[in-house]
Each structure stands twice: as C-alpha cells, then as structure tokens.
There are 2 protein chains.
Amino acid sequence: MATRRIQRTEESRRLLVTAAAELFAEKGYRQTSFIDIADRAGISRGSIPWHFGNKLGLLEAVLDEQVQGVLTGVAAPAGERPGDPLDQVMGFIRLPVTRLFITLLAEAVEGDSPIREHYARLHAALRQAVRARIPAQALPAGTTPEAFTVLLVGAVIGVHAQWRVAPEAVDLDAVRDAMRTLLPAGLGQA
Amino acid sequence: MATRRIQRTEESRRLLVTAAAELFAEKGYRQTSFIDIADRAGISRGSIPWHFGNKLGLLEAVLDEQVQGVLTGVAAPAGERPGDPLDQVMGFIRLPVTRLFITLLAEAVEGDSPIREHYARLHAALRQAVRARIPAQALPAGTTPEAFTVLLVGAVIGVHAQWRVAPEAVDLDAVRDAMRTLLPAGLGQA
C-alpha cells in the first residue's frame, strides 16, 4: 500500500509539472494560477503547495525537468552522441521547450521579477553544458571559452526567436551551414 | 493659429508614442491599456483612437519610431558611421529599446498574437538593414547572405537576453572580441 501511495504521489507531481510547463509556455508565469494548473492536471489544487511549497518552487521543478533533457543531450561526451553537433544545436532551436524559455524570458528581464534569478541559473547551466563540450584548443586566439559560449548560446536563442515569429523567413538548414563555415575547425565539423 | 494647433497635435502624438513605448516595455502590449498610456502621457484618453485608430496602430507607431534610430545607424554606409562596426553591434545589445523588443517577443510568439505580424516585420527590417551592410565577397563559401544575417541578428538578440538576465555573468567586451575572431575578414575588422 505504501508503495502504491508513493507511486500515486509521484504521478501527481509529474502531472502537475507537465501542466505547469504547458501553461507557463502559453500564458507566462505571472498569469498562470494554481487553479489553472490543477484544472489542467486534473488534480486537487491543495496538492500544489504540498508538493512544491509555492509557485516559484513549481517553476523550479518545471525548469529542472524541462531543461534536464536538453542539458543531458548537450553535455554528453561526443562519442556517446549520435550525429552532427551542429544538427544537435539546430535541433535545440526547434524544441518546444524553447517556447517556454522565450515566454519566461520576457518576465525575467523585469527588474523586480521573482523568476529572474531562476532564469539566470538556467542560462548559466546551458552555458556550462555547452562550454564543457568545447575543446580549449579549438578556440581561436583572443577568445575566451566564456565569451565564445555566450555567443553560441546567444545565436541559438536569437535564431530561435526569429524562426518562431516568422518560420517562412528563416531557413534553419542554411543557418546551420552558415554556422558551420564560421566556427573554428573541430567545432563546426561533423 | 492653425500652425499652433498642428504643433500641439504633433506634440500629443509624440508624448503618446513615448508613453506607450515605456509601458509596453514595462508591462507588455496586452497588459497596457489606453488609460495607462493617457495617464503617463498626461493627455486625454480620447485622443488615442483619433491619432492611431486602435492599440495595434499605436504599437506600429511605437515600433516605427523606436526602431528607426536603430535601423538608421545599422544601415548607414560604412564611411558615414564613426567607429568600429562590431562596437556598433554591441552598442545595439546595450540599447534600452531592446527591452521593448524582448518584452514584445514573448507575446509575439503566441500563435494567435495580434502583434506577431508586426514583430515579424521588425525582424525582417533589422535583417534587411544588416544585410545591406554585408559585402557579398566577404561571405565564406557555402553561406547565403540571408542565413548569415539571421545568425548575426540572432547572436545580438540572444547575447542581449543573457546579459539582460545576468549582467555580471556576461562580459560584453569579451563577446565582441570572440565575434571578431569568428567573423570573416572584412566584416569583423574595424
């Protein structure tokens, strides 16, 4: 019985995180209420504080879960990842989770935003994962790994933004090819 | 008297556009009302429809005005622009108007957003202005000017986003240097 209860508890938590991720992406963090989330998940409202403390706790759980898959893919050693690294970068641009990131970004840039710090940690984790995959000797002279990483992560964010607003105006395959020609040997090559 | 009235009309229009630009950047497009804008501008609410038709018309005026300065700077022939082109790109990252762009972006990516089309036009105008400054012979083989432009504009958007959320984590001067080493000769050089 105890095992069954734990399974049910984990299942509710999972359903709530999934519902919150969808709603944050659709309506933003601020405009989403516990009622919306509970209704979408089909779970009683009272269980949200029990699982997550408050809405920020729930956001943290959403970011952890949604980002984990992305980070795991980016951070895995080259030998364990199939395919072209640049195809994987471009794959990130197409991921539905980037919709959540963009929606939250607008709230995060406000000076007094409660989610700003969480968002900063998300960017930092992304940069760290990308940086771990860049061999120091592949970097051109005069470039720090930190700055290079900001540029690479920035390009992904900004290309996504343009593609998202007008998919017909952005040829993602051509952008990948452009990125390949610009990156130093050992980074852009398959 | 007629001249005076025209001056007053232009002055009200200018005040309304400035107030709307500030409020859209602070609260987003959807959450800003005519009342907010009129209060901030110190001008009667009724004059907004008279000047702009509706809120979308006002947004268009805001984007036109705010973007114009940026585009003019980017699009001016190299000889007429002082300083390093990359410093100018990095200058764009620091502009307050990018706050407006990021806030609106989150609303624009929603499928049914009324501002999506306006935002797509803004990106297109930015790309066109940047593209006009890229000499075709400076591009590496296998890269189209369109794709290269998406990448460059994307890097600016995405670096801004990271800097905005955590200024202490992003060294903009180092990012400019990294950009310079990656860009082909004739583009990144002063």
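Note that this is a predicted model, so its numbers are computed, not measured.

What counts as what
Residues numbered from 1 in each chain as written. Chains lettered and ligands numbered in written order. Predicted model: local features only at pLDDT ≥ 70, side-chain atom pairs only at ≥ 80, totals over all residues. Heavy atoms only, no water. Helix = DSSP H or I, 4+ residues; strand = E, 2+ residues; numbered from the N terminus. Buried < 20%, exposed > 50% of the residue type's maximum accessible area, 1.4 Å probe, protein only. Contact = heavy atoms within 4.5 Å. Areas by Shrake-Rupley, 256 points an atom, 1.4 Å probe, with all protein chains shown as cover. Least-squares fit on C-alpha atoms with pLDDT ≥ 70 in both. Axes fitted to C-alpha atoms, helices over the stretch in contact; angles between N-to-C directions. Parallel < 35°, antiparallel > 145°, perpendicular 65-115°, else oblique. Left-handed = near helix turned anticlockwise from the far one by under 90°. Phe/Tyr/Trp six-rings, centres within 6.5 Å; stacked < 30°, edge-to-face > 60°. Lys NZ or Arg CZ within 6 Å of the ring centre and 35° of its normal. Salt bridge = Lys/Arg side-chain N within 4 Å of Asp/Glu carboxyl O. Arc of directions from axis to C-beta. Core = buried A, V, L, I, M, F, W, Y, C linked by side-chain atoms within 4.5 Å. UniProt positions renumbered as here; feature names shortened; annotations may be inferred. Buried area = accessible area lost by both parts, 1.4 Å probe. Polar contact = N/O pair within 3.5 Å; in protein donor to acceptor, adjacent residues only side chain to side chain. Nonpolar A, V, L, I, M, F, W, Y, C, P; charged D, E, K, R; others polar. Lys, Arg positive; Asp, Glu negative; His and termini not counted. Expected span 1.5 Å × (residues − 1).

Novice: Whenever I open this one, the overall build of chain A confuses me. Can you help?
Specialist: Within chain A one finds nine helices and zero strands. The buried share of chain A, reckoned over its 190 residues, is 51%. For chain A, the proportion of contacts with a sequence separation of at least 24, taken over those separated by at least 6, is 65%. Approximately 8900 Å² of chain A is accessible, and the part contributed by carbon and sulfur atoms is 55%.

Novice: Where do I start with the relation of the copies chain B and chain A in this structure?
Specialist: Mapping between the two chain copies consists of a rotation about an axis together with a translation along that axis. For these two chains of identical sequence, chain B goes onto chain A by a turn of 180 degrees and a shift of 0.0 Å along the axis, with RMSD 0.0 Å. As the rotation angle and translation indicate, the two copies are arranged about a two-fold axis. Interface overlap between copies: 100% of the residues of chain B at the interface are likewise at the interface in chain A, consistent with a symmetric, same-surface contact.

Novice: Where do I start with the packing of helix α7 (residues 116-132) of chain B against helix α8 (residues 145-165) of chain B in this structure?
Specialist: If you want to describe how two helices pack, look at the angle between their axes and the distance between the axes. All names here are of chain B. Where α7 meets α8, the closest approach of the two axes is 9 Å, and the angle between their N-to-C directions is 115 degrees. Classified by the interaxial angle, the pair formed by α7 and α8 is roughly perpendicular. Where α7 crosses over α8, the two elements pack in a sense that is right-handed. Note on element contacts: α8 touches α7 through Pro145, Glu146, Thr149, Val150, Leu152, Val153 and Ile157, opposite His123, Leu126, Arg127, Val130 and Arg131.

Novice: What's the story with the packing of aromatic side chains in this structure? I'm lost.
Specialist: Here the distance between the centres and the angle between the planes together describe a pair of aromatic rings. Following the criterion strictly, the structure yields two aromatic pairs over all chains and no others. Lying over the aromatic face of A:Tyr29, A:Lys55 brings its terminal NZ or CZ to 4.6 Å of the ring centre.

Novice: Could you clarify how one ought to interpret the pattern of salt bridges in this entry?
Specialist: Note that side chains of opposite charge can pair when their charged atoms are close. Residue and element names in this part refer to chain B. All chains considered together, the criterion is met by 14 salt bridges over all chains. The partner of Glu146 in a salt bridge is Arg131, and the shortest N-O contact between them spans 2.8 Å. Of this pair, Glu146 sits in helix α8 while Arg131 sits in helix α7; the two residues are 15 residues apart in sequence, bridging distant segments of the chain. A relative accessible area of 39% means that Glu146 is categorised as partly exposed.

Novice: Just checking my understanding: could you explain helix α2 (residues 34-41) of chain B for this structure?
Specialist: All names here are of chain B. Buried residues of α2: Ile37, Ala38 and Ala41, and no others. Considered in projection along α2, the buried side chains sweep an arc of 95 degrees and stay on one side of the axis. Within two residues after α2, Gly42 carries a phi angle of roughly 70 degrees, on the positive side.

Novice: Whenever I open this one, the nonpolar core confuses me. Can you help?
Specialist: Within the largest apolar cluster, 118 residues are counted, with the highest numbers of intra-cluster contacts made by A:Phe24, A:Ile37, A:Leu104, B:Phe24, B:Ile37 and B:Leu104. Considering each element in turn, this core owes the most residues, 13 residues, to helix α8 (residues 145-165) of chain A.

Novice: Explain the side chain of B:His123 here, please?
Specialist: Structurally, B:His123 is set in helix α7. On the accessibility criterion, B:His123 (3% relative accessible area) is buried. When neighbours within four sequence positions are excluded, B:His123 is seen to be in contact with A:Ala161, A:Gln162, A:Val165, B:Leu105 and B:Ile157.

Novice: What is the right way to read the UniProt feature "DNA-binding region" (unreviewed entry) in chain A from this model?
Specialist: UniProt records the feature "DNA-binding region" (unreviewed entry) for residues 33-52 of chain A in the present numbering. The span residues 33-52 of chain A is 70% helix and 0% strand, and its two end C-alpha atoms sit 14 Å from each other.

Novice: What am I meant to see in the interface of chain B and chain A here?
Specialist: Reports of interface size often rely on the accessible area that becomes lost once the parts have come together. Taken together, the contacts link 46 residues of chain B with 46 residues of chain A. When chain B packs against chain A, close to 3800 Å² is buried across both sides, 69% of that on carbon and sulfur atoms. The largest per-residue losses of area from chain B upon contact with chain A belong to B:Gln162, B:Val165 and B:Leu182, which jointly make up 18% of the total buried on that side. For the interface between chain B and chain A, the tally reads zero salt bridges. Seen at the junction of chain B and chain A, the total is ten residue pairs in polar contact (both at pLDDT 80 or more). Looking at the side of chain B that touches chain A, the elements with two or more residues in it are α6 (97-108), α7, α8 and α9 (172-182) of chain B. With 14 residues, α8(B) is the largest single contributor of residues to the side of chain B that touches chain A. Split by residue class, the side of chain B that touches chain A holds 29 nonpolar, ten polar and seven charged.

Novice: Quick question: what am I supposed to make of the side chain of A:Arg127 here?
Specialist: For A:Arg127, the location among the structural elements is in helix α7 (residues 116-132). Buried charged residue A:Arg127 carries no salt bridge. Nearest counter-charge: B:Glu168, at 7.3 Å. A polar contact of 3.0 Å, which involves the side chain of A:Arg127, links it to the side chain of B:Gln162.

Novice: Sorry if this is basic, but what is going on with α8(B) here?
Specialist: Each α-helix turn comprises 3.6 residues. Residues three or four places apart therefore point the same way. Compared with the 30 Å implied by 1.5 Å per residue over 21 residues, the 30 Å span of α8(B) between its first and last C-alpha is a close match. For α8(B), the tally of buried residues reaches 18 of 21 residues, placing the bulk of the element in the interior.

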